Structures are given as C-alpha cells and as structure tokens.
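One letter stands for each residue in the lines below.
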Amino acid sequence: MTIQLTEHDGWAEIRLDREGKRNAVDRATRQAMLDAFASLRGKARAIVLTGSGAAFCAGMDLKEREQDRLAGIEGAGEHWIAVNMAIRAHPAVFIAAVNGLALGGGATLINVCDLAIASTQASIGCPEMGFATYPGMAGPAIQLSGVTRKQAAWLVLTTNRIDGETAARWGMVNECVAPEALLPRAREVARQVAGFDAAAL
C-alpha cells in the first residue's frame, strides 16, 4: 500500500506512505490517491492530506519517470496533473498537513489544497531549476497561491527552500505549529469543517 486511508465521521485522513522514497509519488500512488478521492465523494466533507516519516511529499518519483522515459512510456506528468485537478474538483475541503519535506510536486499539493497547516520542520521548495527544467506545475501553483511575485520567483529561480514559519508568513499555509501539534490541529480543523453543511461548503 502506498497510502493509508482512515475514515472518520464526516472526514478522512490520507497519508502518503512511501517513507523510504520520501513519499515521492509513483504510478501506484497516483492511482491509489484517485481511488481514495473517489471513494470519499459524498462521505467526507473534509480530507486531511499528510505524509509518513520526515517528508510530506518529495514530488514525483523521478527514478520511475526516468525508467518510463527509457522504455518509451509517457504520460506521468498528465497523470499527476489529473491528481491535482481531482483535488480541486472534489466536494470535500482538503487540508494539507505539511509534516516535513515538500518539494516540486509536494509544493503543488500544498497549493491545490484549500487549507494548509505546516510543521516548524516543514521544508518547502522547487528544485527543478537545478535539473535544468522549469517547475511546470509547482511554479504556476505557487504563483496562484497568494504569495507575491518576488516570493514565487525566490522559490522557482533560486531552488532555495523555506520553512513552515516562512510559508505561514508568506501566506502559502494558514498556520505553522510545532511538529507534535500538527496532526491534532489538522484533525481539529477537519472535524470543524465536517460539521458544516455540505452544500454550503
């Protein structure tokens, strides 16, 4: 299993569970996420999205993507876009609980979620320029997240990472809390949101 899904009364928690790969998203994880989203339609009014271990999500699984490229298999980028679009189109309110490293596609996940809470141990960045490529998904997602043009450029052009407190100050996340408070706080918000009318949400 590449994710853990836990259902509660009116809300759910999805945990990326590839700790050894820093929760990088491979083909199996993308499909598992889509399946989980579909199963929660009409059941969960709020969904907490988090990661296992020291990482929230290190983006796409680049090793798998390179293997696919050598085998002539394309489409990983489109499938990752589909995951992010599924979050935006889902009737539930998504709450990112950013427990640690969030790079590239991990930063995109933060920005497509409706709400986000970061740990002080969060480390958010866009490393793509270091690989001689523009962050085609993370870059636009960051620009649309409400940060200033200069803040977005800092992440995209320098590949420097920001911590959870900086992300909160910039408005990329709603709050920054101590690591031990992260999931309790995210779950508290999920329960609060789940108590509201589904149509109003």
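Use the structure listed above.
Residues numbered from 1 in each chain as written. Predicted model: local features only at pLDDT ≥ 70, side-chain atom pairs only at ≥ 80, totals over all residues. Heavy atoms only, no water.

Focus on the sheet that holds strand β7 (residues 115-119)
Two pairing modes exist for strands in a sheet, parallel and antiparallel, and in both the strands are linked by backbone hydrogen bonds. In spatial order, the strands read β1-β2-β3-β5-β7-β10; together these six strands make up an open sheet with mixed pairing. Since the sheet does not close on itself, it has two edges, and those belong to β1 (3-7) and β10 (175-177), each with one partner. Adjacent strand axes in the sheet meet at a mean angle of 20 degrees, parallel and antiparallel pairs treated alike. Summarising the sheet, strand β5 (residues 93-98) and β7 pair through four bridges and their orientation is parallel. Counted as the bridge partner of A96 is A116 from β7. (Pairing = 2+ DSSP bridges. Helix = DSSP H or I, 4+ residues; strand = E, 2+ residues; numbered from the N terminus. Axes fitted to C-alpha atoms, helices over the stretch in contact; angles between N-to-C directions.)

Looking at the packing of aromatic side chains
Evaluated as defined, the whole model comprises one aromatic pair. Judged by centre distance (5.2 Å) and plane angle (85 degrees), the rings of F37 and F94 are edge-to-face. You can see F37 sitting in helix α1 (residues 27-40) and its partner F94 sitting in strand β5, a full 57 residues away along the chain. Its relative accessible area of 2% is what places F37 among the buried residues. Accessibility expressed as a relative area gives 0% for F94, which makes it buried. (Phe/Tyr/Trp six-rings, centres within 6.5 Å; stacked < 30°, edge-to-face > 60°. Buried < 20%, exposed > 50% of the residue type's maximum accessible area, 1.4 Å probe, protein only.)

Concerning the nonpolar core
M33, L109, I110 and M172 are the most contacted members of the largest nonpolar core, which totals 44 residues. The element that contributes the greatest number of residues to this core is α1, accounting for five residues. In contact with M172, not counting residues within four places along its chain, are I110, N111, A116, I124, I142, V147, L155, I162 and A167. (Core = buried A, V, L, I, M, F, W, Y, C linked by side-chain atoms within 4.5 Å. Contact = heavy atoms within 4.5 Å.)

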